[in-house]
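Results of the structural survey
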Amino acid sequence: MEGPVIIQHTKGAQAMAISHAEIIMGLQSLGLEQDSKVLVHASLAALGEVEGGAQTVIESLMAVTGTIVMPAFTYQTMVWPPSGPAHNGVDYASNDYRRINAAAVFFTPDLPVHPDAGEIAEAFRRQPFVARRNQPVLSVTDLGDDADELLAAQTIGHPLGPIEWLQHHHGDVLLIGIDQTHNVSLHFAERLANRKQFIRWAITLEDGHGRALELPHFPGCSDGFNAIDQEIHQVARQATIGEATVRRIPLELLIPITVGWIEEAPSALLCDKAGCARCNDVRRARQAA
């Protein structure tokens, strides 16, 4: 594997802003090219100062790759019932959930992404010709010739279908200044490994009428996902752009490696927080199997 390519300049004690050309050079150093299909998780702040901000990052990705997929997650649409399935990784009586219900907003195709998805994901959503699937919490946006086919893979019952599509079409995960706790493709690997999934609920607005939807196969906690780095270091390519570490990981390798590890070590990727209801329910389900 080639060593990291560092695209970073300093002027005295103050770093210079990163240019469009420098981002392109960094992306190309990872082997990305015009037929590349990438699932992008990105932090603008992690890059440092960028000339033109999020728009420059998006234009750089568009210049280098053929298909771009980004999360357009909208956790602000989620609501909680007063009761529901047992061992569902949730305390239905929590006061926090009543507060969340009061603040919930209806999903519509033009709803901004949740702030946790980041500035680049929101700027990408607003780009001309970017398509979005009407999944009320875990929608993705896509730009490329494969958009219709890729987005059609996402349904209410299969929220991570676009990940599966990318896996079978030589797609990559591209982590720009982001660690594995944001890598949604690992949730797809958990499902393939038959790890317990959850039920969640969201409100959506269709034809002027609001309704609540039950969302099956909802993923669990990702706080333990950084442990995957020890298993995939030989298949990931890495560069440095500005102040950010950028990693390219082929999904056709990442997914089976992760599935195999979970099958071999059932607690793999679970967090170690004693109060994590989701990870605790995953462990409980495994013990009961």
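Residues numbered from 1 in each chain as written. Predicted model: local features only at pLDDT ≥ 70, side-chain atom pairs only at ≥ 80, totals over all residues. Heavy atoms only, no water.

1. Considering the side chain of R132
Turning to its location among the elements, R132 is positioned in strand β7 (residues 131-132). Despite being buried, R132 has no salt bridge partner; D110 is the closest side chain of opposite charge, sitting 6.4 Å away. A polar contact is formed between the side chain of R132 and the backbone oxygen of L111, at a distance of 2.6 Å. Polar contacts involving the side chain of R132 include one to the side chain of S139, which spans 3.1 Å. (Helix = DSSP H or I, 4+ residues; strand = E, 2+ residues; numbered from the N terminus. Buried < 20%, exposed > 50% of the residue type's maximum accessible area, 1.4 Å probe, protein only. Lys, Arg positive; Asp, Glu negative; His and termini not counted. Salt bridge = Lys/Arg side-chain N within 4 Å of Asp/Glu carboxyl O. Polar contact = N/O pair within 3.5 Å; in protein donor to acceptor, adjacent residues only side chain to side chain.)

2. Things to note about the nonpolar core
As a rule of thumb, nonpolar side chains are buried together in soluble globular proteins. Residues L39, V137, I163, L166, I228, L251 and L254 are the most contacted members of the largest nonpolar core, which totals 46 residues. Here this core takes six residues from helix α10 (residues 251-264), the largest share from any one element. One finds V38, L47, A54 and A239 within the second-largest nonpolar core, a separate group that totals 30 residues. (Core = buried A, V, L, I, M, F, W, Y, C linked by side-chain atoms within 4.5 Å.)

3. Topic: the packing of helix α8 (residues 185-192) against α10
At a minimum axis distance of 9 Å, the contact between α8 and α10 shows a crossing angle of 50°. Viewed along their axes, α8 and α10 adopt a mutual orientation that is oblique. Between α8 and α10 lies a crossing of right-handed hand. Listed contacts from α10 to S185, L186, F188, A189, E190 and L192 of α8 are L251, L254, I255, T258, V259 and I262. Classifying every residue of the contact of α8 with α10 by side-chain character gives nine nonpolar, two polar and one charged. (Axes fitted to C-alpha atoms, helices over the stretch in contact; angles between N-to-C directions. Parallel < 35°, antiparallel > 145°, perpendicular 65-115°, else oblique. Left-handed = near helix turned anticlockwise from the far one by under 90°. Contact = heavy atoms within 4.5 Å. Nonpolar A, V, L, I, M, F, W, Y, C, P; charged D, E, K, R; others polar.)

4. Overview of unusual backbone geometry
Look at H87: it is not a glycine, yet its phi comes out positive at around 55°. Examined against the element boundaries, H87 turns out to sit in the loop between β6 (78-79) and α4 (95-103). With a relative accessible area of 46%, H87 lands in the partly exposed category. The phi angle at H170 is positive, at roughly 60°, despite the residue not being glycine.

5. Some thoughts on the packing of aromatic side chains
Describing an aromatic ring pair means giving the distance of the ring centres and the angle of the ring planes. What the rule picks out here adds up to four aromatic pairs. Residues W80 and W201 carry aromatic rings whose centres are separated by 6.4 Å and whose planes lie at 65° to one another, so their mutual orientation is edge-to-face. Linking W80 in the loop between β6 and α4 with W201 in strand β10 (residues 198-206), this pair joins segments that are 121 residues apart in sequence. Pair check on accessibility: W80 and W201 agree, each one buried. Ring-pair connections join several aromatic residues into one group, and the members of that group are W80, Y92, Y97 and W201. (Phe/Tyr/Trp six-rings, centres within 6.5 Å; stacked < 30°, edge-to-face > 60°.)

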